[in-house]
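Coordinate inspection notes
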Amino acid sequence: MAEPGVRAPEVAADRRWRLRHLPVLLVASAALGVVAAVVGGVTGGADAALGAAAGVAVTAASYTLTTLVLAWADGVNPQLVLPFGLGLYAAKFTLLGVVMVAVASTGWGGLIPLCLGIAAGVAVWTGVHIWWLTRVYSRRPAS
């Protein structure tokens, strides 16, 4: 195991590698949010449109927060990634659970589209991230 703070030369030369994928993922999420709102609006009206778009936004915000926190933690000390990652995971899912219970208790018609938007957001974010890693990042020119 490497000493804390010891980096391979190529990682040290590319300090922005931790966030390089974020713009692509945010654009994909924004496009999905528009599509989700249109589909929700056509199939279920204004509440469904708002719910579907909000679900995608929740996923994008959650993953963006995770990316930023873990990039910061890795930049400070790679040994911080696990505790910060697990702590953030627990906090986010606790908050999501509380919000979902609160929304469900209101009887709002956009709850199911919200859940579908979250699921679609996860699928698209993950798929685009895999695409980016395998097709873009892995083919970058060596420094």
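First, a word on scope: everything that follows refers to the structure included in this document. (Residues numbered from 1 in each chain as written. Predicted model: local features only at pLDDT ≥ 70, side-chain atom pairs only at ≥ 80, totals over all residues. Heavy atoms only, no water.)

Focus: the side chain of His 21
In this structure, His 21 sits in the loop between helix H1 (9–13) and helix H2 (22–44). For His 21, a relative accessible area of 8% corresponds to the buried category. (Helix = DSSP H or I, 4+ residues; strand = E, 2+ residues; numbered from the N terminus. Buried < 20%, exposed > 50% of the residue type's maximum accessible area, 1.4 Å probe, protein only.)

Considering the pattern of salt bridges
One pass over the structure, following the stated rule, counts 1 salt bridge. Here Arg 18 ties to Asp 74 by a salt bridge, and the two come within 2.8 Å at their closest N and O atoms. Of this pair, Arg 18 sits in the loop between H1 and H2 while Asp 74 sits in helix H3 (residues 46–76); the two residues are 56 residues apart in sequence, bridging distant segments of the chain. With a relative accessible area of 16%, Arg 18 lands in the buried category. (Salt bridge = Lys/Arg side-chain N within 4 Å of Asp/Glu carboxyl O.)

Some details on the packing of aromatic side chains
For the structure on display, the rule yields 3 aromatic pairs. Considering the side-chain rings of Tyr 89 and Phe 93, the 4.7 Å spacing of their centres and the 50° angle between planes classify their relative orientation as tilted. One end of the pair is Tyr 89 and the other is Phe 93, both in helix H4 (residues 81–106) and 4 residues apart, which spans about a single turn. The exposed category is assigned to Tyr 89, whose relative accessible area is 51%. On the basis of relative accessibility, which here comes to 47%, the residue Phe 93 falls in the partly exposed class. (Phe/Tyr/Trp six-rings, centres within 6.5 Å; stacked < 30°, edge-to-face > 60°.)

Considerations on the nonpolar core
Ranked by size, the top nonpolar core spans 6 residues in total: Leu 22, Leu 25, Ala 28, Ala 60, Trp 125 and Val 128. Of all elements in the fold, only H2 and helix H5 (111–136) reach the threshold of two or more residues within this core. The element best represented in this core is H2, accounting for 3 residues. Among residues more than four places away in sequence, those in contact with Leu 25 are Trp 125, Val 128 and His 129. The next biggest cluster of nonpolar side chains, apart from the first, holds 5 residues, and it includes Met 100, Val 103, Leu 114 and Ile 118. (Core = buried A, V, L, I, M, F, W, Y, C linked by side-chain atoms within 4.5 Å. Contact = heavy atoms within 4.5 Å.)

Side note on H5
Counted at 1.5 Å a residue, the expected span for H5 with its 26 residues is 38 Å, and the 36 Å between its end C-alpha atoms agrees. For H5, every residue scored as buried is listed here: Leu 111, Pro 113, Leu 114, Gly 117, Ile 118, Gly 121, Trp 125, Val 128 and Trp 132. Buried residues belonging to H5 abut H2, H3 and H4. (Expected span 1.5 Å × (residues − 1).)

What to know about the packing of H4 against H5
One can describe the packing of H4 onto H5 by two numbers: an axis separation of 10 Å at closest approach and a directional angle of 155°. When the interaxial angle is binned, H4 and H5 end up roughly antiparallel. Crossing geometry of H4 relative to H5 is assigned as left-handed. Listed contacts from H5 to Leu 96, Met 100, Val 103 and Ala 104 of H4 are Leu 111, Leu 114, Cys 115 and Ile 118. When the residues that make up the contact of H4 with H5 are grouped by side-chain class, the tally is 8 nonpolar, no polar and no charged. (Axes fitted to C-alpha atoms, helices over the stretch in contact; angles between N-to-C directions. Parallel < 35°, antiparallel > 145°, perpendicular 65-115°, else oblique. Left-handed = near helix turned anticlockwise from the far one by under 90°. Nonpolar A, V, L, I, M, F, W, Y, C, P; charged D, E, K, R; others polar.)

Digging into a nonpolar patch on the surface
Residues Val 24, Trp 131 and Val 136 make up a contiguous nonpolar surface patch of about 230 Å² in total accessible area. Tracing the backbone through its elements, the reader meets Val 136 in helix H5. Residue Val 136 is classed as partly exposed on the basis of its relative accessible area, which comes to 33%. (Patch = residues over 30% accessible without salt bridge, like charges linked within 9 Å, V, L, I, M, F, W, Y side chains within 5 Å. Areas by Shrake-Rupley, 256 points an atom, 1.4 Å probe, with all protein chains shown as cover.)

Such coordinate-based values are descriptive only and should not be taken to indicate function.
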